[in-house]
Every structure is written in structure tokens, then in C-alpha cells.
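# Coordinate analysis (summary)
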Amino acid sequence: MDKTYTYIDTDTTARFVNPYNFIPLGEECRRDIPKTNDQDAFTGYFECRVKLLTPLFIPNTSSSVRLLTQKEWEKGKQENKKYSGYDFFSYDDLSEEQPYISDPPAPPCNPVIPGSEIRGAVRSVFEAAFNGCMSSVDENRDISRRCGEVKNPGILYWDCKERGWRLKSCNKVKLLVEQKEEQSRGKAKGKLVTRKEYDTWQEGQKIWVYIDNKGVVYDYGLINGRRKTKGKENYVYREGYLHKGEYIDGKKYESVFWESGGQKLIRVRNEDIELLKKILKEYRDSTKNCKVQDEKWYEEFEVPKDGTRILVYYSKDSVGRIYLCPACIGRETFLKTVGSLLKSNGEYQPCNSEKLCSACQIFGMMEKAEKPGTYAYGSKVRFTDAMLIKPVKNSSFLFEDPIVLPELAEPRPSAVEFYTESPYKEYEETGGKDKQGYWTYDYKYQYKREERKEKFNVSRMALGRAQPKLRGRKYYWHKDVNMDAFTDNKVNAMQQRIRPMKPDTERDSQPLFQFCVYFEQLNKKQLEQLKWALDFGSPECAHKIGRGKPLGFGSAQIIVDKLNIREINEDNGCWKIKTIGKDNKLDFENFFKSSGQFSEEIPKALKIMANWEKRPENVNYPIGEDKTVKSQGENNAAASHQWFRLNKGKDNFKPNFSKTLPAAEDDANNRLSRKKALYRLIEKEK
């Protein structure tokens, strides 16, 4: 049966707001050499309080077993996997703790929010609000994504004479191989190779095959000759090379590559080879490929260092870029990195010289670990740890019961439909009505309608240096947390038990923690910017701190109570503290009246996403559901990855996005049009 999928767009409960969105970048990240004007330089500290709006969790990493039962710990040990359970952060050293047998241990009496957690949250807001660099981005991170296109078979080798890589296009035929488990051969054709014989063969081994007219190996032989006599018939055998593909449930065929002659050699650049090596490394990474054991995946496949040939699949774009992969339908690593795109989109890569952005001039920057001797700049601010305002003897009432968090995926910039803006112009064809087109970081699909047909011819068009444009700085929406949703979760290698702290609204409306922010030699404009990054200039807004942000954890409001500024008498050297705040002679509004900072310059998206009081409804990860017969009873039939799969359309070989991430200003609108809003996707059988 043909497969289809539908939008459930008539039921408002089916709409969702993705847990994260983006604060757009400006035109350019401006940098200057820091300068200090003695007539406009302030030293002192802010006094602040923290009010928890949703449960908060920050782990005490001195023990990963404190909230594990003995049985869970033993099970993890048997499976050779690390199970973990963390208590809330405190100064307590829990390194000698053992898993518990009956009841979990009591929570810490003196919980602490580390100053580093608060500093990180405040700096992120400062960078977004005042056009700073993206200091925490891994600019060298490679980006890859599975490509649904069927690639072309080829033979790759190093040409010793020409001193360069060459790729020879070739043909491919199917070889029927007995699988490791019993399964029906169905309508599979060709001579069967037993698993015992196949396991003795090597990747790239020469094999002579007789091919029927449907591209299937009808007979084979490991012999040195072009003819083999069988009965009265005289078969012509072709010289080919065996390519061992990856294991897939239900797979029946492996591949044999053979040269047809007359094919032009394709020049391959060294950077294309480096990308192939990265693909292999990713395939063999057990954290990304659950089928990997001891890095054994395509274990016989290695990039040659001499004239040895290897079998690859490849695809090309409009300017001749080559994408190599060991799989016919597999991953591609892109030439562009996050760092190169940031550089091309306004120079927002992390600062690395004496010219600093607005944020690095205040928060400082460290020497790059991978580049010793690079520039560093000391911070002008220091955040103290946040301590309880009123210490308690029994802290149990401050905490929720321990829960197990569901598995949280790592950020995936490869999802260009969410992380980047469309590279298509308004007049360009995108492959049909209500379709967005398809693109990666290196190319986009170019659609040309077939004459008098609804179908499109698709080709790859290389993108320019600054395309696709990054959406901006990732930021999480606020959302309410339903603690009952975690009661059935079980500890495993990907799911940890934690003990979160209750929000203040469940215990007391007053803030629970207090801390200080010390600063040195900041001008008045910088000082107001720092205050805004602390409290957003609005009691409606809040930060995101700690773990579990996509689930709603860690929404916390910072209240700035006082600003204490040191004043020195130049005549006698004596100093005193001048206090500014709500209950003092000088309030914040009057003190900062002439600072030169204008709130209208702050991105609107940041104010919207930070607003706790006006948080959007139905904040959840995308959910797609496969309701076809083959997926009934499957654990991942309803999952986030199903949504991204279905959003690319029914044709896996020619994907086309149906939806892209709405802008934050749009997504916050509960009445957003169905054309822009995101909905649950379902795959059904006709």
C-alpha cells in the first residue's frame, strides 16, 4: 500500500510550540578595543534574589549513584552501562556515597545555585540583547545529516602518478546473501550466497558475476577468468568488486560494483576525503549509532593511503562538490561549519583578538584550549553562589520527590528546517503548493516542472558562502511542568534520576535564594545593560537555569534589589558606598536616565521568549506517529524523529519540507495561521 500522512490541523490540541526558538542576529557583531574612562567608571555590586517559577535541578556531580537503588546499580553493571542518579547541588562531598537499598537519602540541608549557572544564563541574555558574539558556540563542529537520495556507485583511489584522488563511476548489481537470522526470501532472486561463505569474503574482494537483465547476480565465481562453463551453456562473467553494506533488518542483498568502461575520471579534493573520514567516524560512534559495538561498523572500510581502491557511493552538486559515503542512502558531512556560517552572517563567531564584542568586554574571554597563546581578557564581573535567604534544618519540604527524566536529545543543527532560514526567493519554485523546498548547509534542491505534468525534475544547486542564513541564538520557551508525567519513567543508560527543587509558588511566594554580582570599572551604559540582563527590565520575564530546560525546568526570576557603588574621595582617599534602589533616595530609573542605552534596540524576540506571564500554550517537542501496520507495537512509532521524517514528505528519495519553524513572534501567537503553525503528523495506510 502507498503511504501518506496528514496534518491534524482542525484540533487545537494538535498544535505544538517547539521548546526552542531563536533570537535573530543583527547585521554585524561590532567589536572594539576596550577602553576605560575614569570619569565614567563604576565599581560595586548588585544585590539580587532568585524566585523559582518551575522546578529547578542542578546536579551535585561528586556522586552519580546517590539516587540509585542497589538493584539499578547492579543492573547497569551487568549491562556494562552507566546508570546514574544525582542529588541537588550543595557543597557536600558525596563521593563516598553508595546506592540505597530501601528509601532514598534525605536531600541536602544547604542547597546552592552555583554562581557559574547564573552567570551563564545572564551572559546568554546579555549577548542576545546587546549584539554580542556567540561565545559558547563550538565553531569547529561538523554538521552532517542523512540524505534520502540514492547515491551513485564509484571506485575511489589515489593516483600516484598524478598525485591526487580520483573517482571512477561504475555500475552496481545485487547479490543475494543469507542473513544472520532466519527470514523469508519472498520474491528475492539470484543465486544465494551462504552466510558461512560470505563471512570469509573481504570488502572490495574481486568476484566474477553473471548478471541477469534485472541487475541481479544469477551466478558467481571467485576465479581468474572471464568465462565459466556450466552444463551446455556458456556464460560471460563480469569482473566486479564486493561491497559490504551495513546491517539492516530484512535486508536481502549486498552489492557488487563493476566497471562498464568509457567512464570519465572525477577529480576528488582532499577536503572531500576528510569529510568521508568524518562520516566513518560518526558511523562508528556508539553515542550516535546504537548498533555499533567496539566501533565495529564498516570495519573493513578504510580510506586508502596508497594506490589501493575502495568502493564508495557519491553525489555531486551544481559546482562539482563531491559527497562520499560508504552507504547508498547515508549521511553527508557538509563543507560549511557553524563557525564559517557565523563568520559569513555578520562575524558572530566567538571573539579571539583584542577587539571584543560588548559581552566579552564585560564577561571576559578565555584562551582557546585548542590554540595555546591565543588572546584572553579578564572578566569585570563576578557572580557569587546563590544561597538560601533563610537556612533550614530540614530541607525536605523544599524538594520534589526524586523523578527520572526522559532522554533528552543533543542539539541538532543539521535540522535546517528549524535552525536556518529558507534560501529560496519568493519567485522560486519549491516543489509544489504548500511546500517549502529542501536544502542543506551546502545546497538546495532546484525544482523544474515536467512539461504538462505535476511532477518535478530535481537537481542540486550549490548555496553561496553566507547561505543558508542561521536563525540566530537558541533560546527555550517557558512552560509549566507536570511532575506526574515522569512517574512511570525507569532509570537506564540514557535516563537519570534527579531530585528537583520545588518552585517558590508551591511553598511560598517569596524568593528563596540570594546572591551578589560584583563589577569593576564599568561605564554607566554597561552597568545598565548588566542590570537589564539580570532582570530584563520587567517583572514578567525570567531566565532558564539548570538542566531540563526543554521540559520546562529552570524558569527562574532574578530580582535586583540594590545597586551599591563605591565612591572615593579624591582629596583624602576615603571611600563610601552609595546605594541605589527602590527604597533609597536614588532609584534605578533616575540613575540610568542618561546612560545612553535604549531598550527599543533589544530584539523583540528575546522579550517575547523570556516572558513568563505570556508564555505560549502547548510547548512540546514535535511528535509524529507512524500508524502503519508494520509499526504497530513499536516503541518509537510515536516520536520526535517521526515528525521530522514525515515533514520531509512521502518520497524518501526526493524530500521536501512541508513546515519550517515559525519565527518566535509568530509562534507565541495562539491564533497563528494553520499555514505557519506546527501540528502533529501522522502516517496512515490508505
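In this text, all values refer to a predicted model and were calculated from it rather than measured experimentally.

## Concerning the sheet that holds strand S8 (residues 164-169)
- Reading across from one edge, S16-S8-S7-S17-S18 is the order of the five strands in this open sheet, with antiparallel pairing throughout. This sheet does not close on itself; its edge strands, each paired only once, are strand S16 (265-268) and strand S18 (322-325). Direction aside, neighbouring strands of the sheet carry axes that sit 45° apart on average.
- When strand S7 (residues 152-159) meets S8, the two strands line up antiparallel, connected through six bridges. The partner of Trp158 across the bridge, within S8, is Trp165.
- The sheet strands contacting helix H4 (residues 270-283) are S7, S8, S16, strand S17 (310-316) and S18, and the helix crosses S18 at an angle near 30°.

## Digging into empty space enclosed by the protein
- Applying the stated criterion to the full structure yields one cavity of 30 Å³ or more.
- Space inside the largest cavity adds up to approximately 50 Å³.
- Residue lining of the largest cavity: Asp272, Leu275, Leu276, Ile279, Ile322, Tyr323, Leu324, Arg331, Glu332 and Thr333, and that is the complete set.
- Among the elements of the structure, H4, S18 and strand S19 (331-333) are those that each provide at least two residues to the lining of the largest cavity.
- With four residues, H4 is the largest single contributor of residues to the lining of the largest cavity.
- Taken together, the residues that form the lining of the largest cavity break down as six nonpolar, one polar and three charged.

## Examining a nonpolar patch on the surface
- A surface patch of nonpolar side chains, about 330 Å² in accessible area, is lined by Ile568, Trp575 and Ile577.
- Residue position: Ile577 is located in strand S30 (residues 575-581).
- With a relative accessible area of 38%, Ile577 lands in the partly exposed category.

## Thoughts on the environment of Trp612
- Note on placement: Trp612 falls in the loop between helix H11 (604-609) and strand S31 (624-626).
- Here Trp612 falls in the buried class, since its relative accessible area comes to 10%.
- Remark: the alpha-carbon pair of Trp612 and Trp477, spanning 135 residues in sequence, is separated by 8.6 Å.
- With residues near it in sequence (within four places) discarded, Trp612 still touches Leu53, Thr54, His478, Lys479, Asp480, Glu540, Cys541, Ala542 and Ser555.

## Structural notes on the pattern of salt bridges
- Within the structure shown, the criterion is met by 33 salt bridges.
- Salt-bridge contacts for Lys343 lead to Glu347; the nearest nitrogen and oxygen are separated by 3.5 Å.
- Its relative accessible area of 30% is what places Glu347 among the partly exposed residues.
- Ionic pairing is found between Asp626 and Arg645, a salt bridge with its closest N-O pair at 3.7 Å.

## Details of the sheet that holds strand S9 (residues 171-176)
- The sheet built from five strands is open, its strands ordered S9-S15-S14-S10-S11 with antiparallel pairing. Edge positions in the sheet fall to S9 and strand S11 (217-221), since each of these pairs with one other strand and no more. When the angles between neighbouring strand axes are averaged without regard to direction, this sheet yields 45°.
- Two strands pair when backbone bridges link them, and S9 and strand S15 (residues 253-258) are joined in this way by six bridges, in the antiparallel orientation. Residue pairing for S15: Lys174 is matched across the bridge by Ser255.

## What to know about unusual backbone geometry
- In the segment running from Gln467 into Pro468, the intervening peptide bond is cis, with an omega of -5°.
- Within the secondary structure, Pro468 is located in the loop between strand S24 (456-462) and strand S25 (473-476).
- Although it is not a glycine, Asn131 adopts a positive phi angle of roughly 60°.
- Turning to its location among the elements, Asn131 is positioned in the loop between helix H2 (115-129) and strand S6 (144-146).

## Observations regarding the environment of Lys531
- Here Lys531 lies in helix H9 (residues 524-535).
- Distance from Lys531 to Phe126, taken between C-alpha atoms, is 9.5 Å for residues 405 residues apart in sequence.
- Ignoring anything within four residues of it in the chain, the contact list for Lys531 reads Phe46, Phe536, Val560, Phe588 and Phe592.

## Details of the side chain of Lys380
- Position of Lys380 among the secondary structure elements: in the loop between helix H6 (360-363) and strand S20 (381-383).
- Buried and unpaired, Lys380 has Glu520 as its nearest opposite-charge partner, separated by 8.3 Å.
- Polar contacts involving the side chain of Lys380 include one to the main-chain carbonyl oxygen of Gln521, which spans 3.4 Å.
- Among all residues touching Lys380, those that are not within four sequence positions of it are Thr36, Gln361, Ile362, Tyr518, Phe519, Glu520, Gln521 and Leu522.

## With respect to the nonpolar core
- Phe46, Phe515, Leu527, Leu534 and Leu563 are the most contacted members of the largest nonpolar core, which totals 112 residues.
- Top element by residues in this core is H2. It accounts for seven residues.
- With 21 residues, the next largest nonpolar core counts Leu276, Ile279, Tyr283 and Tyr314 among its residues.

## Overview of the packing of aromatic side chains
- Tallying each qualifying case throughout the model produces 37 aromatic pairs.
- Centroid distance Phe16 to Trp643: 5.8 Å. Interplanar angle 85°. Geometry classified as edge-to-face. On the criterion of sequence distance, the pair formed by Phe16 in strand S2 (residues 15-16) and Trp643 in helix H12 (residues 640-646) is long-range, its members being 627 residues apart.
- The class of Phe16 is buried, set by a relative accessible area of 5%.
- Lying over the aromatic face of Tyr424, Lys444 brings its terminal NZ or CZ to 5.1 Å of the ring centre.

Analysis parameters
- Residues numbered from 1 in each chain as written.
- Predicted model: local features only at pLDDT ≥ 70, side-chain atom pairs only at ≥ 80, totals over all residues.
- Heavy atoms only, no water.
- Pairing = 2+ DSSP bridges.
- Helix = DSSP H or I, 4+ residues; strand = E, 2+ residues; numbered from the N terminus.
- Axes fitted to C-alpha atoms, helices over the stretch in contact; angles between N-to-C directions.
- Contact = heavy atoms within 4.5 Å.
- 1 Å grid on protein atoms, 1.4 Å probe; cavity = no way out; pocket = protein on both sides within 12 Å on 5 of 7 lines; lining within 4 Å.
- Points joined across faces, edges and corners; volume = space filled by probe spheres on them.
- Nonpolar A, V, L, I, M, F, W, Y, C, P; charged D, E, K, R; others polar.
- Patch = residues over 30% accessible without salt bridge, like charges linked within 9 Å, V, L, I, M, F, W, Y side chains within 5 Å.
- Areas by Shrake-Rupley, 256 points an atom, 1.4 Å probe, with all protein chains shown as cover.
- Salt bridge = Lys/Arg side-chain N within 4 Å of Asp/Glu carboxyl O.
- Buried < 20%, exposed > 50% of the residue type's maximum accessible area, 1.4 Å probe, protein only.
- Lys, Arg positive; Asp, Glu negative; His and termini not counted.
- Polar contact = N/O pair within 3.5 Å; in protein donor to acceptor, adjacent residues only side chain to side chain.
- Core = buried A, V, L, I, M, F, W, Y, C linked by side-chain atoms within 4.5 Å.
- Phe/Tyr/Trp six-rings, centres within 6.5 Å; stacked < 30°, edge-to-face > 60°.
- Lys NZ or Arg CZ within 6 Å of the ring centre and 35° of its normal.

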